[in-house]
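The chain contents come next:
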Amino acid sequence: MPSRRQVALISLALAGLALPATAQIQSSGLGDLNAWGASYLERGEAPLQDGLWTGSDPEYLLALMERIDVSVLSPAERALLSRALRSPATAPEGDLADALQQERLRLLVALGERSAAARLGEQMEERPEGTDPDIIRSDARLARGELEVVCAQKQTTGEGLFWAELRALCALSNQEPADFQIEIASEQEGADPWFANTAFAVLAEQEDRPAARYGSGLELALSDLGNLEPDEESLSAERPGLAAQIARDENRRLALRMAAADLAARAGELSGETHRNLYDTLISAEEFEPSNAVEAAFVVLAKAPEPEAAPAAMTASRPEGPVDLRSMSEDWIEPVRPDDLSEDALEPEGVDEVSLAEEQALAVAQALREAASGPADFAARARLFEAALDSIPARADTATQARLFAAAALSARNVSLADKWLNALEPETLDDKARFEMALLEGYASILGGERREADAGDIAGVLVERAIEPAQQAAALRLFALWSGFDMPVPVNARMALAQADMAAGSIGPGLLAAIDAAGRNGAGAEALLTILTQTDGDVAALSGQELATVLRTLRELKADEDAKALAFEAGQLWTLAADNEG
C-alpha cells in the first residue's frame, strides 16, 4: 500500500498531465546570460547535464523542492543536491521560473553553500527571507575576522535582526556608546537573548560572561571581541564550513581547533591532511599524555624505528696482542664450543615483543573501530589515518588488520590503498566470514577501480554466493550485485542467478515512482528524477532495494553525476559495519 508521501507525489504528477503544453517548462536557450546559466561550481567540479531543469512540469518541480529536508540528507545526498543547484543549466520558461529560482536559493543556504547563494542572490530581484546576499557576504567577512573592515564600510543601515546586531557590534568594537544599539537589537523579531546578554557584559566589562558561540560570523566576532570562553555547545553542526575555518586558524586555542576539526571533518569540510597536522601539533607538546584511541594512535605513529640489536657473540671476546697468562684471574671464562651446547641451547629464545609496524597497526585499528558508528564518522576517521595506512607495511604481522584497513581505504575512496591491504591477505588461510568480507571488499574496489574483467567478477561473486551463510551476508552480496548492475559492470551468471532466486525485500520508493524516476531520467527531466530520489530516500540509501539502487545509479549517471553515484553506492554498501565487529 503506498505511503501518504508517495500518494502526494503521484497526485502531483497526474495533475501535471492535465496542464496545457504552455505550462510545461521549456528551454530558453543557453545564450541567455542569467542566473540559471551562470556556474557556481568550485574549480575542478564538473557540472550536471545542461537541460537539468527542462522537460518537466514547474509546479511539480516546485513541490518536490519544497519537500526536501536538507537536515536529514546523508553527506553524499547533500553533495549531489549541492552540485545540481550550483551547476549551470538551461533557463526554464514559464510563470514559476522565478519561484523555482527562489527555492533554489533557499536550498543553497540550507546546504551551507553561502558563497554560491550570495552570487545567485545578487542576480535576483526577489529573494526568500534569510537569503540576502549582503548579509551572507558580511557574515562571511566577520567569520574571517574582518570586523573592522565590515564596520568601516558603513553598510549597516539595513533593517532587520542582522543589521541591528551588527550596528551594536560595531559600536562596541569602536568603543562608542552602544546601550541604545544593543536595546534595539534585542527588540528585533527572532532575537536571541545571548547576543544582548553578551554585548551588555562586554560593555560593562563584567568578568562573568556567557560562553562563546560560533554559529555565525556575527556570533564569532562578538565572542572574539569579548574574549569569551568556549564550552561544549559553542560550535554549531549547522555551520561545518565555519568550523573548518576555526580549525585552520592558528591564532585560536588548540583545543577549540581540534573540536572544530572533528565537526568539520565529519561533514567532509576538512581534508585529512589538515586534520592530521592538528594531531601532530597536539602530541608534540611537552609531557603530552594521550586520552583517547586517536591520540594514542598518533603517539605510536610518531615513534622512530628502533635500531636492530647486534647479535650476541657465541664466545667470549679474545684478548688482543701478547698476554701474560700469569696475570689472568680466575674469572676467565673458557670459550664455548658448539659441541658443548645442547640442541635446545642452540635454538633462539622465543620473544613476545611486538614490532613497531604491528604496534602501529593495532593502534590505528583501534582508532578506526572506535568510529564504526556510522558512514560519516568512519569516513572522516579513515581520511584522518589514510597516510598511516599507506606508511604501515602490509606484511604478516600487520595483515590481521588488512580487512579493516581495506574498508577504511575504500571509505576514503583510495582504491590503490585498498588493493595494498587486500593483496596482503592469503585467501586459503581465511575462515568463511573473513573470506566473504575479503570478496565483498574486492567487489566494492571494482566499482572504484573502473571496469574489471568478467572473470574477476565471476570469482568474487562465486565466493560471495558460496560463503554467504548469514542473512545479513546474503543481503550484502545481493546489494553489491545490484550496484554492479547500476554501473553497467559485468554481472556474472552466478550473481544473476542469486538475484533471480532471492526473495528481496521491498524498498522505500515503490514500483510506480521507480518507473517515474527512470522515465524522467531517460526523457530529459533530470531535476525531476533527482529531486524525486531525494524525497524518497530520507537520508537512508541503504534502505533501498536492489532494483531501486540499480535504477537510481543508472539515472544519476544519465545526469553526468557518476562520482555522486559512487558516493551513494558506498553509503548503501555500509562498509563501516565491517569495522564494527572486525577484530582482525
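Before reading on, note that the structure itself is shown above.
The structure reproduced in this document is the subject of the present report.

Calculation rules
Residues numbered from 1 in each chain as written. Predicted model: local features only at pLDDT ≥ 70, side-chain atom pairs only at ≥ 80, totals over all residues. Heavy atoms only, no water. Helix = DSSP H or I, 4+ residues; strand = E, 2+ residues; numbered from the N terminus. Buried < 20%, exposed > 50% of the residue type's maximum accessible area, 1.4 Å probe, protein only. Contact = heavy atoms within 4.5 Å. 1 Å grid on protein atoms, 1.4 Å probe; cavity = no way out; pocket = protein on both sides within 12 Å on 5 of 7 lines; lining within 4 Å. Points joined across faces, edges and corners; volume = space filled by probe spheres on them. Salt bridge = Lys/Arg side-chain N within 4 Å of Asp/Glu carboxyl O. Axes fitted to C-alpha atoms, helices over the stretch in contact; angles between N-to-C directions. Parallel < 35°, antiparallel > 145°, perpendicular 65-115°, else oblique. Left-handed = near helix turned anticlockwise from the far one by under 90°. Core = buried A, V, L, I, M, F, W, Y, C linked by side-chain atoms within 4.5 Å. Nonpolar A, V, L, I, M, F, W, Y, C, P; charged D, E, K, R; others polar.

The next point concerns the overall build of the protein. On a plain count of helices and strands, the protein comes out with 30 helices and zero strands. Taken across its 584 residues, the protein has 45% of its residues classed as buried. A sequence separation of at least 24 residues applies to 69% of the contacts in the protein between residues at least 6 apart.

Bringing empty space enclosed by the protein into the picture now. Under the defined criterion, the tally for this structure stands at one cavity of 30 Å³ or more. Each pocket or cavity is described by its volume, and for the largest cavity that value is around 30 Å³. At three residues, the largest contribution of residues to the lining of the largest cavity is made by helix H27 (residues 526-537).

Right, let's get into the pattern of salt bridges. Taken as a whole and judged by the stated rule, the model has 24 salt bridges. A salt bridge links Asp488 to Arg557; its shortest N-O distance comes to 3.1 Å. Here Asp488, found in the loop between helix H24 (471-486) and helix H25 (493-501), pairs with Arg557, found in helix H28 (residues 546-558); they are 69 residues apart in sequence, far enough to count as distant. A relative accessible area of 54% means that Asp488 is categorised as exposed. Given a relative accessible area of 24%, Arg557 falls into the partly exposed group. One continuous salt-bridge network, built from bridges that share partners, spans Glu45, Arg86 and Glu113.

Now for the packing of helix H3 (residues 75-86) against helix H29 (residues 562-573). Remark: H3 packs on H29, axes separated minimally by 9 Å, with the N-to-C direction vectors making an angle of 165 degrees. By the criterion of interaxial angle, the relationship of H3 to H29 is roughly antiparallel. Between H3 and H29 the crossing geometry is left-handed. Contacts between H3 and H29 involve Pro75, Ala76, Glu77, Ala79, Leu80 and Arg83 from the former and Asp564, Ala567, Leu568 and Glu571 from the latter.

Turning to the nonpolar core, a few remarks are in order. With 172 residues, the main nonpolar core has Trp53, Leu81, Phe385 and Trp484 as its most contacted residues. Setting aside anything within four residues of it in sequence, one finds Phe385 in contact with Val294, Ala297, Phe298, Leu301, Val364, Ala367 and Leu368.

Bringing the packing of helix H21 (residues 415-422) against helix H22 (residues 432-448) into the picture now. Packing of H21 against H22 brings their axes to within 10 Å, and their N-to-C directions diverge by 155 degrees. With respect to their mutual orientation, H21 and H22 come out roughly antiparallel. For the element pair H21 and H22, the recorded crossing hand is left-handed. For the pair H21 and H22, the contacting residues are Val415, Asp419 and Leu422 in the first and Met438, Leu441, Glu442, Ala445 and Leu448 in the second. Per-class residue counts for the contact of H21 with H22 are six nonpolar, no polar and two charged.

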